[in-house]
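Coordinate inspection notes
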Amino acid sequence: MSTVRDVAKRAGVSASTVSRVMGGTYPVAAATRARVLKAMRELDYVVNAHARALGGSTNKTVAFVVDDVTGPFYAHIARGVEEQASAEGRLCMLCTTHGDPQRVLAVVEMMREQRADAVIVVGGAWEDKAYQDRMAHFAHALDRVGSRLVLVGRPPLGEGVPATVVDYDNEAGAFAMTTHLLSAGHRRIAYLARVPGLSTSTQRISGFTRAHELMGLSPDPALILDGNFTRAHGYRAAQELLASGAEFSAVFAGTDMVAAGALQALREGGLRVPEDVSLAGYDDIPVAIDVYPALTTVHVPHEELGRTAVRLALHREELPESQHQVLGTHIVIRSSTRAPGRSPEIP
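A brief report on the enclosed structure follows. Predicted model, so just to flag it, every value in this text is computed and none were measured.

Conventions we followed
- Residues numbered from 1 in each chain as written.
- Predicted model: local features only at pLDDT ≥ 70, side-chain atom pairs only at ≥ 80, totals over all residues.
- Heavy atoms only, no water.
- Pairing = 2+ DSSP bridges.
- Helix = DSSP H or I, 4+ residues; strand = E, 2+ residues; numbered from the N terminus.
- Axes fitted to C-alpha atoms, helices over the stretch in contact; angles between N-to-C directions.
- Contact = heavy atoms within 4.5 Å.
- Polar contact = N/O pair within 3.5 Å; in protein donor to acceptor, adjacent residues only side chain to side chain.
- Buried < 20%, exposed > 50% of the residue type's maximum accessible area, 1.4 Å probe, protein only.
- Lys, Arg positive; Asp, Glu negative; His and termini not counted.
- Salt bridge = Lys/Arg side-chain N within 4 Å of Asp/Glu carboxyl O.
- Expected span 1.5 Å × (residues − 1).
- Core = buried A, V, L, I, M, F, W, Y, C linked by side-chain atoms within 4.5 Å.

**A look at the sheet that holds strand β9 (residues 278–280)**
- Read across the sheet, four strands follow the order β7-β6-β8-β9 without closing on themselves; strand pairing throughout is parallel. The strands lining the two open edges of the sheet, one partner per strand, are β7 (224–226) and β9. Across the sheet, the mean angle from the axis of one strand to that of its neighbour is 15 degrees, orientation sign disregarded.
- Where strand β8 (residues 250–253) lies against β9, three bridges are found, and the strand directions are parallel.

Shown next as structure tokens:
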């Protein structure tokens with residue numbers, strides 16, 4: 001393998017000059033820089049990530065940390081991250097955690113050691129003080145080495161924590177959807193996939209509850225089913241709801257994937273959507289228009305979340321007042337919801 005000294009000899013410069021070119025932290029004459037880069041290409045020199053870390057430079061990498069790479073919600077945010085990272089001359093590294101909070105902490109620590117330019121953690125945060133304190137610790141540690149912790153779809157870690165936050169208005173989206181269903185005449189609305197302790201779910205339940213309260217109503221606790229944001233849970237939860245014998249005229253699913261599973265169970269239970277039961281989701285991923293009937297849902301600006309996260313993190317010195325942004329959500333009304341007891345409209 002070629003070494004820094006080999007590159008220096010080929011380029012006719014000192015080893016320290018080669019290090020400066022690789023680190024990008026000191027000014028180097030354009031002609032000299034060109035000779036060094038040419039020598040690196042000719043020798044097929046690969047920079048040692050650990051050596052660069054010890055040298056104090058970042059490694060031109062943006063780390064993208066998600067629970068599950070197969071989930072459409074994460075995939076579309078990843079597209080935005082990758083597009084912006086590429087435009088900024090960065091390599092995008094994908095890391096998965098499988099929903100394990102300790103794995104999140106381990107990945108962030110590893111990326112700190114690698115000196116990634118930014119570590120973007122996506123998805124709801126667990127409402128656990130020890131976990132939040134540890135994340136705050138890593139935010140400070142990343143900041144000390146010139147990196148940046150970015151939280152996407154997560155609340156801030158507290159005053160003075162050096163982290164970029166790009167969130168979307170979870171509560172407002174749930175409030176708007178619930179208000180839409182209530183305004184259509186639904187009074188018994190089931191909510192599928194409350195996830196206790198997860199910030200995303202807490203915010204959506206808050207919007208769901210607040211919409212009821214503003215109309216002088218109270219959601220029935222028996223119609224709120226705990227679970228997770230998967231299609232399999234949506235199927236099981238809808239089956240459980242039907243088996244309970246509870247009365248309901250609408251179902252608000254915690255995500256579109258949950259709604260897809262619920263749709264199958266409702267059909268197997270002999271109910272028609274929307275003639276017998278209205279069904280709504282959250283996220284507006286492609287499955288929302290692939291199912292039949294097309295799903296009424298809350299639109300989340302996935303790709304813009306990813307692009308904004310990278311842009312703000314890499315330009316934080318130029319945009320110090322923009323390091324906490326909340327993007328808007330809105331409802332998309334399709335064919336899966338209507339007023340209870342009303343004949344469907346003929347297109």
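Here the narrative resumes, following the displayed structure.
**Overview of the environment of Arg 334**
- Secondary-structure assignment places Arg 334 in the segment after β12 (330–332).
- Remark: the alpha-carbon pair of Arg 334 and Thr 297, spanning 37 residues in sequence, is separated by 7.8 Å.
- Contacts of Arg 334, omitting those with residues within four sequence positions, involve Asp 284, Ala 288, Ile 289, Ala 294, Leu 295, Thr 296 and Thr 297.
- In terms of polar contacts, Arg 334 uses its side chain to reach the side chain of Asp 284, at 3.0 Å.

**Overview of the side chain of Arg 154**
- Following the sequence through the fold, Arg 154 ends up in the loop between β4 (149–152) and β5 (163–168).
- Among buried charged residues, Arg 154 stands out as having no salt bridge; its nearest opposite-charge side chain is Asp 67, 5.5 Å away.
- In this structure the side chain of Arg 154 is engaged in a polar contact, spanning 2.7 Å, whose partner is the backbone oxygen of Gly 123.
- Engagement of the side chain of Arg 154 in a polar contact is seen with the side chain of Tyr 131, the distance being 3.1 Å.
- Among residues more than four places away in sequence, those in contact with Arg 154 are Val 121, Val 122, Gly 123, Gly 124, Ala 125, Tyr 131, Met 135, Val 165 and Asp 167.

**Notes on helix α11 (residues 256–268)**
- Here α11 contains 13 residues, and its C-alpha end-to-end distance of 19 Å stays within 8% of the 18 Å for a straight helix at 1.5 Å per residue.
- If you check which residues of α11 are buried, you get Asp 256, Val 258, Ala 259, Ala 260, Gly 261, Ala 262, Leu 263, Ala 265 and Leu 266.
- Each element contacted by the buried residues of α11 is listed here: β6 (189–194), α10 (231–244), β8, β9, α12 (287–290) and β10 (297–299).
- Where α11 begins, the capping side chain belongs to Thr 255, and its oxygen is found 3.4 Å from the backbone nitrogen of Met 257.
- Downstream of α11 by one or two residues, Gly 270 has phi in the positive range, about 90 degrees.

**With respect to unusual backbone geometry**
- Put simply, Val 273 and Pro 274 share a cis peptide bond, and its omega is 10 degrees.
- If you trace the backbone, Pro 274 turns up in the loop between α11 and β9.
- Omega for the bond connecting Tyr 292 with Pro 293 falls within 30 degrees of zero, at 0 degrees, which places this linkage in the cis form.
- Relative to the elements of secondary structure, Pro 293 occurs in the loop between α12 and β10.
- The backbone phi angle of Asp 283 is positive, close to 125 degrees, even though this residue is not glycine.
- The backbone of Asp 284 sits at a positive phi, close to 60 degrees, despite the residue not being glycine.
- Examined against the element boundaries, Asp 284 turns out to sit in the loop between β9 and α12.
- Residue classification places Asp 284 among the buried positions, given a relative accessible area of 17%.

**Regarding the nonpolar core**
- Ile 77, Ile 120, Val 122, Val 152, Phe 252 and Leu 305 are the most contacted members of the largest nonpolar core, which totals 38 residues.
- Per element, the largest residue contribution to this core is six residues, and it comes from helix α13 (residues 302–314).
- Residues Leu 192, Leu 223, Leu 225 and Val 273 belong to the second largest nonpolar core, which totals 24 residues.

**Description of the sheet that holds β5**
- Strand order in the open sheet made by the six strands is β2-β1-β3-β4-β5-β11, with parallel pairing throughout. Strands at the two margins of the open sheet, each flanked by one partner only, are β2 (91–96) and β11 (324–327). The mean angle between the axes of side-by-side strands here comes to 15 degrees, regardless of whether they run parallel or antiparallel.
- In this structure, strand β1 (residues 61–66) lies alongside strand β3 (residues 118–122), joined through four bridges in parallel fashion. Residue pairing for β3: Phe 64 is matched across the bridge by Ile 120.
- Packed onto the sheet, helix α6 (residues 101–114) meets β1, β2 and β3 and runs at close to 165 degrees relative to β3.

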